[in-house]
Amino acid sequence: MSQPARPIVYHIPICPFSQRLEILMELKGARDAVDFRTVDITKPRDEHILKLSGGTTALPVMELPNKGALKESLVLMEFLEDSFPEPAIRRADPYERGLESLLITLADPMIGAGYRLILNQDRGKTEELKAAYLKAAENVDAFLRAHSKGEGPWLFERFGWAEAAFTPFFLRFAFIPYYEGFDLPEDGRFERLLEWRAACLAHPAAQQTSEEEIIKVYYDYAIGTGNGGVPEGREVSSFVFEPHWKDRPMPPRAKYERRASDKELGLL
Ligand SMILES: N[C@@H](CCC(=O)N[C@@H](CS)C(=O)NCC(=O)O)C(=O)O
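Below is a short write-up of the structure. (Residues numbered from 1 in each chain as written. Predicted model: local features only at pLDDT ≥ 70, side-chain atom pairs only at ≥ 80, totals over all residues. Heavy atoms only, no water.)

Some remarks on the overall build of the protein
And then number 1: The helix and strand inventory of the protein stands at 11 helices and 4 strands.
And then number 2: The globule rule puts the C-alpha radius of gyration for 268 residues at 18 Å, and the 19 Å found for the protein is close to it.
And then number 3: For the C-alpha atoms alone, the extent of the protein along its principal axes is close to 55 × 50 × 30 Å.
And then number 4: Residues classed as buried in the protein amount to 52% of the 268 residues present.
And then number 5: Contacts spanning at least 24 positions in sequence make up 73% of the contacts within the protein whose residues lie at least 6 apart.
And then number 6: When the accessible surface of the protein is split by element, carbon and sulfur atoms take 52% of a total near 12,900 Å².
And then number 7: Looking at the protein, you have 34 positive and 42 negative side-chain charges, and the mean spots of the two groups are 2 Å apart. (Helix = DSSP H or I, 4+ residues; strand = E, 2+ residues; numbered from the N terminus. Rg over C-alpha atoms; globule rule 2.2 N^0.38 Å. Buried < 20%, exposed > 50% of the residue type's maximum accessible area, 1.4 Å probe, protein only. Contact = heavy atoms within 4.5 Å. Areas by Shrake-Rupley, 256 points an atom, 1.4 Å probe, with all protein chains shown as cover. Lys, Arg positive; Asp, Glu negative; His and termini not counted. Charge placed at Lys NZ, Arg CZ, Asp CG, Glu CD.)

Given below as structure tokens:
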């Protein structure tokens, strides 16, 4: 008998939203049940993907052979959780599921604040942007203090649904200390969040990328150009697949003072 066709996920390998799905499938021990296909964000989207997405360019997009397509990482997580129910990663209890979802809603303000900070080019705005990032982080910390159960670092007793959704951003936010020289202060205010972040980052299901890769590939964000665009005065995006990030040097940290050339970044 032929096997049912696997869902295909078109993804940008370094995209945090896509990593949510990879983590989820790792937790299920079923990464190969999904056909992850990489897309080069520096090139125009393929017609096939645009047709699946209804014209939007953001990834991940999931193709369901003989059915149609879905997009939005949290929708795709739900689809995978329902399609591969064992082991369940979401909580079974409706209230606990609600808590997981509530915690995930706190990710958005933190993600927005983190990306605004890294993309900022105006030193005069830095303090205001840092304060917004800390405020968003404070809300996550307060939520964890109020609702996490048990002794461990997790929301519940293990790395679960909310952790799978948050961890990719903890990893991306390695670009903040590197390029901004700033991180969540260890002064007690963020203790619960810092404990959670450290445990999430160390979890075996969340090792698809590394701090080194993030810092090298996201250089263009640090100088104000997101989503695989080519910064002014350069020819190549730091998001290109070749030269491989492993073969490139660490970029200069000084984002406000000067901009590195393609050559200095190891892109030519
Ligand atoms: N809300 C979307 C966001 C996806 C998203 O922003 N993906 C980025 C990569 S990290 C992207 O594809 N950017 C390129 C573009 O929008 O064209 C989700 O949760 O899936």
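Quick look at the site of the ligand
And then number 1: If you check the shell around the ligand, you find 13 residues, and the closest are C15, T57, L59, E72 and S73.
And then number 2: Here L59 contributes a backbone N or O atom positioned 2.8 Å from an oxygen atom of the ligand.
And then number 3: With respect to the pocket detection grid, the ligand is positioned in the largest pocket. (Near = heavy atom within 4 Å. Polar contact = N/O pair within 3.5 Å; in protein donor to acceptor, adjacent residues only side chain to side chain. 1 Å grid on protein atoms, 1.4 Å probe; cavity = no way out; pocket = protein on both sides within 12 Å on 5 of 7 lines; lining within 4 Å. Sits in = over half its atoms within 2 Å of the grid points.)

So, the pattern of salt bridges
And then number 1: Under the counting rule described, the total for this entry stands at 22 salt bridges.
And then number 2: Note that D35 is salt-bridged to R6, the shortest N-O span being 4.0 Å. Taken as a pair, D35 in strand β2 (residues 35-38) and R6 in the segment before β1 (8-11) lie far apart in primary sequence, 29 residues in all.
And then number 3: A relative accessible area of 40% means that R6 is categorised as partly exposed.
And then number 4: Of the charged contacts in the structure, one is a salt bridge between E180 and K255, with a shortest N-O distance of 2.5 Å. A residue pair is termed long-range when its members are at least 10 positions apart, and E180 in helix α8 (residues 175-180) and K255 in the segment after α11 (219-222) qualify at 75 residues. For the pair E180 and K255, a shared accessibility class is recorded, and that class is buried. (Salt bridge = Lys/Arg side-chain N within 4 Å of Asp/Glu carboxyl O.)

Description of the pairing of strand β4 (residues 68-71)
And then number 1: Relative to β4, strand β3 (residues 61-64) runs antiparallel, the two being bridged by 4 bridges. Among the inter-strand pairings, L64 is bridged to a residue of β4, identified as G68.
And then number 2: The antiparallel pairing of β3 with β4 creates a hairpin that spans 3 residues between the two strands, and N66 there sits at a positive phi of about 70°. (Pairing = 2+ DSSP bridges.)

Structural notes on the sheet that holds β4
And then number 1: Spatially, β2-β1-β3-β4 is the arrangement adopted by the 4 strands of the open sheet, whose pairing is mixed. Edge positions in the sheet fall to β2 and β4, since each has one partner strand and no second. Each adjacent strand pair in this sheet contributes to an overall mean axis angle of 25°, direction not counted.
And then number 2: Strands in contact with helix α3 (residues 73-83) are β3 and β4; relative to β4, the strand with the most contacts, it is inclined by about 120°. (Axes fitted to C-alpha atoms, helices over the stretch in contact; angles between N-to-C directions.)

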